[in-house]
Amino acid sequence: MNTEIRYFTKSKKGNTEKLANQIAKATGKKALTVATDLSNRVDRLFLVNAMYAANIDKEVKDFLARNKDKIGEVVNFSTSCSGKSTWGMVKKECDALNIPLSEKEFHCAASWIFINKGLPSEDDYAKAREFAASMSE
């Protein structure tokens, strides 16, 4: 299965980038930012993102729009300090662009300022690697 990893982060802590790198470790793929468009069609896109102001960032939306014809299916991976997944917001974008979104996702809490200190944890990263490996088959 042809899989690519794209992520978006704008936090100083880089929780989403760290998560993307763990997914890369599990799959042997390189994690690139959403500033890098897909060069070829992919069966699965592992989209690693986070909640910003109760939504996904415009850069994630723009990436999906620019690459909609190259994506077979999106698998959502997200972090947030609120504990809320971005799956519903990614689904809204994918539906509008006619991109299939997997019902399966990975989400974990992340630290922000003094909230959820130490998260994602090593256990979260291990679970993310396991999920990514299972979705790569």
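None of the values given here were measured: they were computed from a predicted structure. (Residues numbered from 1 in each chain as written. Predicted model: local features only at pLDDT ≥ 70, side-chain atom pairs only at ≥ 80, totals over all residues. Heavy atoms only, no water.)

Participant: Please explain the overall build of the protein as it appears in this structure.
Facilitator: For the protein, the count of helices and strands is four helices and five strands. The linear arrangement of helices and strands in the protein, starting from the amino end, is β-α-β-β-α-β-α-β-α. Long-range pairs, those at least 24 residues apart, make up 76% of the contacts in the protein between residues at least 6 apart in sequence. Carbon and sulfur atoms form 49% of the exposed surface of the protein, whose accessible area is close to 7100 Å². (Helix = DSSP H or I, 4+ residues; strand = E, 2+ residues; numbered from the N terminus. Contact = heavy atoms within 4.5 Å. Areas by Shrake-Rupley, 256 points an atom, 1.4 Å probe, with all protein chains shown as cover.)

Participant: How do you make sense of the side chain of Asp57 when you look at a structure like this?
Facilitator: Relative to the helices and strands, Asp57 is located in the loop between strand E3 (44–50) and helix H2 (58–67). Within the local environment of Asp57, its side chain forms a polar contact with the backbone nitrogen of Glu59, the two atoms lying 2.9 Å apart. Excluding residues within four positions of it along the chain, Asp57 makes contact with Phe8, Lys10 and Tyr52. (Polar contact = N/O pair within 3.5 Å; in protein donor to acceptor, adjacent residues only side chain to side chain.)

Participant: Looking at this structure, how should I read the packing of helix H1 (residues 15–27) against helix H4 (residues 122–136)?
Facilitator: Any two packed helices are characterised by the angle at which their axes cross and by the distance between the axes. The contact between H1 and H4 brings their axes to 8 Å, and the two run at 50°. As summarised for this structure, H1 and H4 are arranged oblique, according to the angle between their axes. In this structure, H1 meets H4 at a crossing whose hand is right-handed. Contacts between H1 and H4 involve Lys18, Leu19, Gln22, Ile23, Lys25, Ala26 and Thr27 from the first element and Tyr125, Ala128, Arg129, Ala132 and Ser136 from the second. Among the residues making up the contact of H1 with H4, the classes are represented as six nonpolar, three polar and three charged. (Axes fitted to C-alpha atoms, helices over the stretch in contact; angles between N-to-C directions. Parallel < 35°, antiparallel > 145°, perpendicular 65-115°, else oblique. Left-handed = near helix turned anticlockwise from the far one by under 90°. Nonpolar A, V, L, I, M, F, W, Y, C, P; charged D, E, K, R; others polar.)

Participant: Help me understand H1 in this model?
Facilitator: Because each turn of an α-helix spans 3.6 residues, side chains separated by three or four positions in sequence point in the same direction. Spanning 13 residues, H1 covers 19 Å between terminal C-alpha atoms, matching the ideal 18 Å at 1.5 Å per step. Buried residues of H1: Asn15, Thr16, Leu19, Ala20, Gln22, Ile23 and Ala24, and no others. Residue Gly28 follows H1 closely and has a positive phi angle near 75°. (Expected span 1.5 Å × (residues − 1). Buried < 20%, exposed > 50% of the residue type's maximum accessible area, 1.4 Å probe, protein only.)

Participant: Can you walk me through H4 in this structure?
Facilitator: Compared with an ideal rise of 1.5 Å per residue, which puts 15 residues at 21 Å, H4 spans 21 Å between its outermost C-alpha atoms and is within 8% of the ideal. All of the buried residues along H4 are Asp124, Tyr125, Ala128, Phe131, Ala132 and Met135. Around the axis of H4, the buried residues are gathered within 125° of arc, so they sit on the same side. More than 90 degrees from the buried face of H4, the exposed residues found are Glu122 and Glu130. (Arc of directions from axis to C-beta.)

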